[in-house]
Each structure stands twice: as structure tokens, then as C-alpha cells.
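Summary of the model geometry
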Amino acid sequence: GAVVSQHPSRVICKSGTSVKIECRSLDFQATTMFWYRQFPKQSLMLMATSNEGSKATYEQGVEKDKFLINHASLTLSTLTVTSAHPEDSSFYICSARGPSGRITDTQYFGPGTRLTVL
Amino acid sequence: AQKVTQAQTEISVVEKEDVTLDCVYETRDTTYYLFWYKQPPSGELVFLIRRNSFDEQNEISGRYSWNFQKSTSSFNFTITASQVVDSAVYFCALSRGSTLGRLYFGRGTQLTVWP
């Protein structure tokens, strides 16, 4: 149980294009999803927190117009990197948290998406 | 402010050795959660343990054990009889309050177990 998937696992795109990354909780309903970014050999940095049906809360320094987050259902959140540039190349990881009081009330992470912008 | 420090950037051991990964945290909250995650080369974060601030009992799960000491604000992780498959980056993390919100991660410790 508590499986989170991400798609795609790897994407290469040209500078200026937009890329959408999907995060799904496969066997539980995720009240909250988190998006993290990880540069090589560094820690995970939280980009934003999204609750189903409401606007995402972005961390300081994260451009909300560049990193669009949609949490349309209890099992799906998407991150769209708009007008991607080489500096956006990174490993993006989502996590999903289930309802309070249940075994899934912790953060389970997806396998990550490696984005390379040429 | 919340802060998690993993002072060991890299550790190398030979198979079957025991190894302890250190984690020191800072928070003003009285209620919080501590976590350990494993990140193998594939990149996926694997949940290992969650511990709340009111439960200082040490935990053992197979070859893994955790030592939580509030007096020193530490939550150390020991692998007994290490194996090559234990090679990974290990992250310690903190979540504030009584609800599991955002995680504050340490910088991670790269563990390499040599055969």
C-alpha cells in the first residue's frame, strides 16, 4: 500500500517549451501533495504544497507563474514547468500524504522525474 | 526555525560492519515528527521510519535501529551488519506540529558499503 507514481520518469525538452509532470497516489486518497526539487548531490527543497481543490502554497523564492501546480483530485497533482530553461533542469519529486489518523498519514514519495532542458 | 543537520556527508564501510548515521535537529515546537528516508541510486525516496516527539523509545527493525534522544536533539540511525544493498543516500527529516506537514530535510549522508 501507499504507492505514489510519477510520470514521466525522465524528460528532455528544448528551452522555451513547457513540461507537465504528473503525480498520482495509486492506492489511497491524498489530501495533500508536496512538490520538491533536488539538485545533484543536494537535499530536497520544498517548492510548494497543494491541497485538493485549492490553490497551491508556494515556498519563498519559487515562481508560481513558472511552476504551475494543479491538484484537481484526491489522487492526482500536476506540476507544469512553463517556458523551461536549462537552469530548470533538476530532479522533481512529489510526495503524497493521506488523511490524518490513518497509516497513510505520512509522506510517501514518488520515484521522481528527471528534467533536462537543452 | 527548523533545521536538520547531518554532519556526515559520506561514509564508507566494508560489508558486515555496523554503521551509524547521525542526525541532529533544531525546533522550538514541543510536538514534531522525525523521519528517515533512503534514496538509492534510482532516486526514489523510501520511507524507513517516523517517530513523534513524545515517543522516545528506541526502535529496531531487522538490521535497522534508531536512537531518539530529546536531551541531545538527536535521532541517529544504525545499520547492523551492513550489506552492499544498503548503499544509498540517507535523509533525516523533521515535520513540525501535530499534523504532518512539510518536511525539513537534512543534507543527506551518502553511505557506500563495499563488498
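Residues numbered from 1 in each chain as written. Chains lettered and ligands numbered in written order. Predicted model: local features only at pLDDT ≥ 70, side-chain atom pairs only at ≥ 80, totals over all residues. Heavy atoms only, no water.

**Structural notes on the sheet that holds strand β8 (residues 76-81) of chain A**
Working definition: the strands of a sheet are paired by backbone hydrogen bonds and lie parallel or antiparallel to each other. Residue and element names in this part refer to chain A. We count it as follows: Two strands form a pair only when DSSP identifies at least two bridges running between them. Elements are defined by DSSP. Helices are runs of H or I of four residues or more, strands are runs of E of two residues or more, and each kind is numbered from the N terminus. Comment: axis = line fitted to C-alpha atoms, over the contacting stretch for helices; angle = value between 0 and 180 degrees taken between N-to-C directions.
The four strands are arranged β1-β3-β8-β7 in an open sheet whose pairing can be described as antiparallel. At either margin of the open sheet sits one strand with a lone partner, and together these are β1 (4-7) and β7 (67-73). Here the strands of the sheet are splayed against their neighbours by 15 degrees on average, with no regard to which way each runs. Pairing geometry for strand β3 (residues 19-25) and β8, over six bridges, is antiparallel. By the bridge assignment, V19 is partnered in β8 with V81.

**Points about the packing of aromatic side chains**
Heads up, the condition is: Any two of the Phe, Tyr and Trp rings considered here, Trp counted by its six-membered ring, make a pair once their centres fall within 6.5 Å; the pair's planes then place it as stacked at under 30 degrees, edge-to-face at over 60, or tilted in between. For each residue, the accessible area found with a 1.4 Å probe, counting protein chains only, is set against the maximum for its type, and the residue is called buried under 20%, exposed over 50%, and partly exposed in between. Any Lys NZ or Arg CZ found within 6 Å of a ring centre and within 35 degrees of that ring's normal is scored as a charge over the ring.
One pass over the structure, following the stated rule, counts 21 aromatic pairs over all chains. With centroids separated by 6.5 Å and ring planes inclined at 65 degrees, the aromatic side chains of F35 of chain B and F47 of chain B adopt a geometry described as edge-to-face. Taken together, the residues F35 of chain B in strand β5 (residues 32-39) and F47 of chain B in strand β6 (residues 46-52) connect sequence positions 12 residues apart. Overall, the relative accessible area of 1% leaves F35 of chain B in the buried class. Relative to F77 of chain B, the ring of Y64 of chain B has its centre 5.2 Å away and its plane inclined at 85 degrees; by these criteria the two rings are edge-to-face. In this pair, Y64 of chain B is assigned in strand β8 (residues 64-69) and F77 of chain B in strand β9 (residues 74-79), connecting sequence segments 13 residues apart. Accessibility classification places Y64 of chain B together with F77 of chain B in one group, the buried group. Among the aromatic residues, those joined into a ring-pair cluster are F28, F34, Y36, Y108 and F109 of chain A together with F35, Y37, F47, F91 and F105 of chain B. The ring centre of Y104 of chain B lies 4.1 Å from the NZ or CZ of R102 of chain B, which sits over that ring.

**A look at the confidence of the model for chain B**
The criterion, for reference: Per residue, pLDDT measures the predictor's confidence, with a range of 0 to 100.
Per-residue confidence for chain B gives a mean pLDDT of 93; residues scoring 70 or more make up 98%. Mean pLDDT across the elements of chain B bottoms out in strand β7 (residues 59-61) of chain B (88) and peaks in strand β3 (residues 19-21) of chain B (98).

**Concerning the interface of chain A and chain B**
Which entries qualify depends on this criterion: Pairs of residues are marked as contacts when any of their non-hydrogen atoms sit within 4.5 Å. The term buried area denotes the loss of accessible surface (1.4 Å probe radius) that occurs when two parts are joined, taken as the sum for both partners. Every case where a carboxyl oxygen of Asp or Glu lies within 4 Å of a side-chain nitrogen of Lys or Arg is listed as a salt bridge.
Opposite the 18 residues of chain A that make contact, chain B presents 18 residues. Taken together, both faces of the contact between chain A and chain B bury some 1400 Å²; the carbon and sulfur share is 53%. Of all residues in chain A, the largest losses of buried area upon contact with chain B belong to S43, T106 and F109 of chain A, amounting jointly to 29% of the total for that side. One salt bridge in this structure joins R102 of chain B and E59 of chain A, with 2.5 Å as the shortest N-O distance.

**Structural notes on the state of the cysteines**
Which entries qualify depends on this criterion: The definition used for a disulfide is geometric: two cysteine sulfur atoms within 2.5 Å.
Evaluated as defined, the whole model comprises two disulfides over all chains. Through a disulfide, C23 of chain A is tied to C94 of chain A; the S-S separation comes to 2.0 Å. Between C23 of chain A and C94 of chain A, the S-S torsion sits near 80 degrees, and that sign places the bridge as right-handed. Residue C23 of chain A is found in strand β3, and its partner C94 of chain A is found in strand β9 (residues 90-97); the two are separated by 71 residues along the sequence. The disulfide bridge from C23 of chain B ends at C92 of chain B, spanning 1.9 Å between sulfur atoms. On the sign convention where negative is left-handed, the bridge of C23 of chain B and C92 of chain B, at about -65 degrees about the S-S bond, is left-handed. Here C23 of chain B, found in the loop between β3 and β4 (24-26), pairs with C92 of chain B, found in strand β10 (residues 88-96); they are 69 residues apart in sequence, far enough to count as distant. Using a relative accessible area of 0% as the deciding quantity, one classes C23 of chain B as buried.

**Let's talk about the environment of C92 of chain B**
Residue and element names in this part refer to chain B. Given the relative accessible area of 0%, C92 is considered buried. Taking the C-alpha atoms as reference, C92 lies 7.1 Å from V4; in sequence the two are 88 residues apart. Setting aside residues up to four positions removed in sequence, C92 forms contacts with V4, Q6, C23, F35, W36, Y104, F105 and G106.

**A few points about the pattern of salt bridges**
All names here are of chain B. Enumeration according to the criterion identifies seven salt bridges over all chains in this entry. Between E59 and R51 there is a salt bridge whose closest N-O contact spans 2.2 Å. Its relative accessible area of 5% is what places R51 among the buried residues. Here the salt bridges share partners, and the residues they tie into one network are R51, D55 and E59.

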